[in-house]
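Structure at a glance
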Amino acid sequence: MDTAIQEISSLSTKVKSSQLPEKLSEEVLIRLDQLSRLTASPTFLPEFDRVRTYIDWITSLPWSTRTNDNLDLTHAKATLEKNHYGLVEIKDRILEYISVMKLKQEKGESGDIMRAPILCFVGLVGTGKTTIAFSIAEALGRKFARIPFGGMGDPLDLRGQSRMHPEAEPGKIIKALKVTQSKNPVILLDEIDRVTDEGRASIMGVLVELLDPEQNHEFVDHYLDYPVDLSEALFIATANNTTNISTAVLDRLEPLGMPSYSDNEKITIGTKYIFPKAVKVHGIPDGALTIDENVWPQIVRPLGYDAGIRTLERTIEGIVRKVARQIVEGKIQSIKITPENVKEFVPQ
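To start, this report covers the structure provided alongside it. One numbering rule holds for all chains: residues counted from 1, following each sequence as written. Given that this is a predicted model, residues contribute local features only at a pLDDT of at least 70 and side-chain atom pairs are listed and counted only at 80 or more, while totals for whole chains, interfaces and linings are drawn from all residues. Only hydrogens and water are set aside when side-chain values are computed; all heavy atoms of the structure are taken into account.

Brief notes about the overall build of the protein
Rule in force here: To qualify as a helix, a DSSP run of H or I must reach at least 4 residues; to qualify as a strand, a run of E must reach at least 2; elements of each kind are numbered from the N terminus. By the convention used here, residues are in contact when the closest approach between their heavy atoms is within 4.5 Å. The protein chains shown are the only cover counted for residues, whose accessible areas, like all others here, come from Shrake-Rupley with a 1.4 Å probe. Positive charge is attributed to Lys and Arg, negative charge to Asp and Glu, and no charge count is given to His or to the chain ends. By convention, the point assigned to a charge is CZ for Arg, NZ for Lys, CD for Glu and CG for Asp.
Each helix and strand in the protein was counted, giving 14 helices and nine strands. Expressed along its principal axes, the backbone C-alpha trace of the protein runs to roughly 85 × 50 × 40 Å. Sequence-distant contacts, at least 24 apart, represent 76% of the contacts inside the protein between residues at least 6 apart. Counting every atom, the protein has about 18,000 Å² of accessible surface; 50% of that belongs to carbon and sulfur. Each charge sign in the protein was given a centre, from 42 positive and 49 negative side chains, and these centres are 4 Å apart.

Dropping the structure here:
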C-alpha cells in the first residue's frame, strides 16, 4: 500500500510540474486523490495503469510549446527552388500565403493567420504533392508530421478511443502533436480521397472540424477528453482527385492542381535534382559516374509515358546501384553512361 501511495504521489508531482492547462491539471489531481483512497480495492491496479498511461500522454503534449515562424520570402523562395523544379503557379501561391501570414503577424493579428483556405494539392501519383508540403514546413521553420489517409476506414483513427476501452490511445492528430513537440506544426493530411467507402462520411465529418477555424480551437480527442487548440497548426491536404471528397470539406480547401511533367522537365529534374542526390546517397565517388546528355531521353521514358517522377527516380537509382556494384567488384573506377552502353545499366 505504501508503494501505491508513493506512486500516486510521484504522478501528482509530475502533473504539477508539467505545463498543463489549469483545468485539466485540476481534474487529474482530483482523480489521483480519489485513486489514493482505493488502494485496497481489487480494481485499483487496472485503474492505476489507466491513469498513469493517461498522465504520460497529457504531460508529453506541447500545450504551450511552439516554434517561431520564418516568414522571410527570400528564404522561402530559395527553399522551394532548391527542392522543386518548375511549379511556378504553385510556388507563387505558397509565397502569397506566407506574405499574408507576415502581414497578419506585423499587425498583431496572428490569431487569424490560419483563417485562409487550407491548401490542397491535387494531382497524379509522383507529381510532388507530399514533398512540396514538406518544403513549406522547411521554409517556415516549422515541425512536420504526415497523416496517411489511404485505406483509413474509422474516424477513431483520427479522434482516438475512449479510455474505457482496453488499450485505448489517442488518435493520429494528437500523436502528430506529440511527435512534433510543437503546438504549430505543419500537418499533412495525405491522400484524403483514399479513405474507404464505409468510413468516408464519418471521416469527412472529422475533417470538417479539423479544417474549420471556428471549431478546431477546441478539438476533442476521445482519449484525452479535453479540448486541444489546433488553430495554430497549419494543415495541408493532398488528393489524387477531388471526386471522393465531400462538399463540406472541399468548401474549406483551396485545391491547387499539380501538373504532369513533360519529358524536358523530367530531364531537368533528373539532371539537377534526382541524379546528384542518388550519387551521394549511394556512396559513388565524386566524378566516378557521368551520364551523356543524349542518354537522358531513354532514362526518362524507358517504358512509356508516366505523369510523375517516381519511375524516373527508380530508373536513376537502378543505374547508380549497378555502377556501385561494378566499382566494388573492381571492374571499373569510373564510367560514363552513353547511348552505346546504356542498356547495360538501365533496369529492365
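A look at helix α3 (residues 44–58)
Owing to its 3.6 residues per turn, the α-helix aligns residues three or four sequence positions apart on the same side. Worth spelling out the cut-off: Helix span is expected to be 1.5 Å times the residue number reduced by one. Only protein chains enter the calculation, and the probe is 1.4 Å; a residue is then buried if its accessible area is under 20% of its type maximum, exposed if over 50%, and partly exposed in between.
Over its 15 residues, α3 extends 21 Å from the first C-alpha to the last, a length consistent with the 21 Å expected when each residue adds 1.5 Å. Every buried residue of α3 is accounted for by Phe-44, Glu-47, Phe-48, Val-51, Tyr-54, Ile-55, Trp-57 and Ile-58.

Observations regarding the sheet that holds strand β1 (residues 118–122)
In plain terms, the rule: What makes two strands pair is DSSP finding at least two bridges between them. Only the stretch in contact is used when a helix axis is fitted, and all axes are lines through C-alpha atoms; the angle between N-to-C directions ranges over 0 to 180 degrees.
Spatially, β2-β3-β6-β1-β7 is the arrangement adopted by the five strands of the open sheet, whose pairing is parallel. Of all strands in the sheet, those with a lone pairing partner are β2 (144–148) and β7 (253–257), marking the two edges. Across the sheet, the axes of successive neighbouring strands diverge by a mean angle of 25 degrees, strand direction being ignored. Where β1 lies against strand β6 (residues 234–239), three bridges are found, and the strand directions are parallel. Residue pairing for β6: Val-122 is matched across the bridge by Ala-239.

Considering a negative patch on the surface
Threshold: Surface patches are drawn from residues lacking salt bridges whose relative accessible area is over 30%; two like charges belong together within 9 Å, two nonpolar side chains (Val, Leu, Ile, Met, Phe, Trp, Tyr) within 5 Å. Take a side-chain nitrogen of Lys or Arg and a carboxyl oxygen of Asp or Glu: if they are within 4 Å of each other, that pair is a salt bridge.
Taken together, Glu-22, Glu-26, Glu-27 and Asp-225 make up a surface patch of like negative charges. For Glu-26, the location among the structural elements is in helix α2 (residues 22–36).

A word on the packing of helix α11 (residues 263–281) against helix α13 (residues 310–328)
The test is simple: Roughly parallel means an angle under 35 degrees; roughly antiparallel, over 145; roughly perpendicular, 65 to 115; everything else is oblique. By the definition used in this description, the sense in which the near helix is turned from the far one sets the handedness, with an anticlockwise turn below a right angle giving left-handed and a clockwise turn giving right-handed. All residues other than Ala, Val, Leu, Ile, Met, Phe, Trp, Tyr, Cys, Pro, Asp, Glu, Lys and Arg, Gly among them, are scored as polar; the first ten of these are nonpolar and the last four charged.
The N-to-C vectors of α11 and α13 enclose an angle of 45 degrees; their axes lie 10 Å apart at closest approach. When the interaxial angle is binned, α11 and α13 end up oblique. At the point where α11 passes α13, the crossing takes the right-handed sense. For the pair α11 and α13, the contacting residues are Lys-266, Gly-270, Ile-274, Phe-275, Ala-278 and Val-279 in the first and Leu-312, Glu-313, Ile-316, Glu-317 and Val-320 in the second. Split into classes, the residues belonging to the contact of α11 with α13 amount to seven nonpolar, one polar and three charged.

Let's talk about the nonpolar core
This is how it is decided: Residues belong to a common nonpolar core when they are buried Ala, Val, Leu, Ile, Met, Phe, Trp, Tyr or Cys residues joined through side-chain atoms within 4.5 Å.
One finds Ile-147, Phe-149, Leu-189, Ile-192, Phe-235 and Val-249 to be the most contacted residues of the largest nonpolar core, which totals 55 residues. If we ignore the near neighbours within four places in the chain, the residues touching Ile-192 are Phe-149, Met-204, Leu-207, Ala-237, Thr-238, Ala-239, Ile-245, Val-249 and Leu-253. Counting residues in hydrophobic clusters, the runner-up holds 51 residues, among them Ile-236, Ile-274, Leu-312 and Ile-319.

Overview of the pattern of salt bridges
It is possible for side chains bearing opposite charge to pair when their charged atoms get close. Applying the stated criterion across every chain, the model contains 20 salt bridges. Residue Arg-52 is joined to Asp-49 by a salt bridge in which the shortest nitrogen-to-oxygen separation is 2.9 Å. Remark: Asp-49 and Arg-52 occur in helix α3; sequence separation between them is three residues, near one turn of the helix. For Arg-52, a relative accessible area of 33% translates into the label partly exposed. Residue Glu-232 is joined to Lys-183 by a salt bridge in which the shortest nitrogen-to-oxygen separation is 3.7 Å. Placement of the pair is Glu-232 in the loop between β5 (227–228) and β6 and Lys-183 in the loop between α8 (172–180) and β3 (186–190), with a sequence separation of 49 residues. The exposure class assigned to Lys-183 is buried, which follows from its relative accessible area of 14%.

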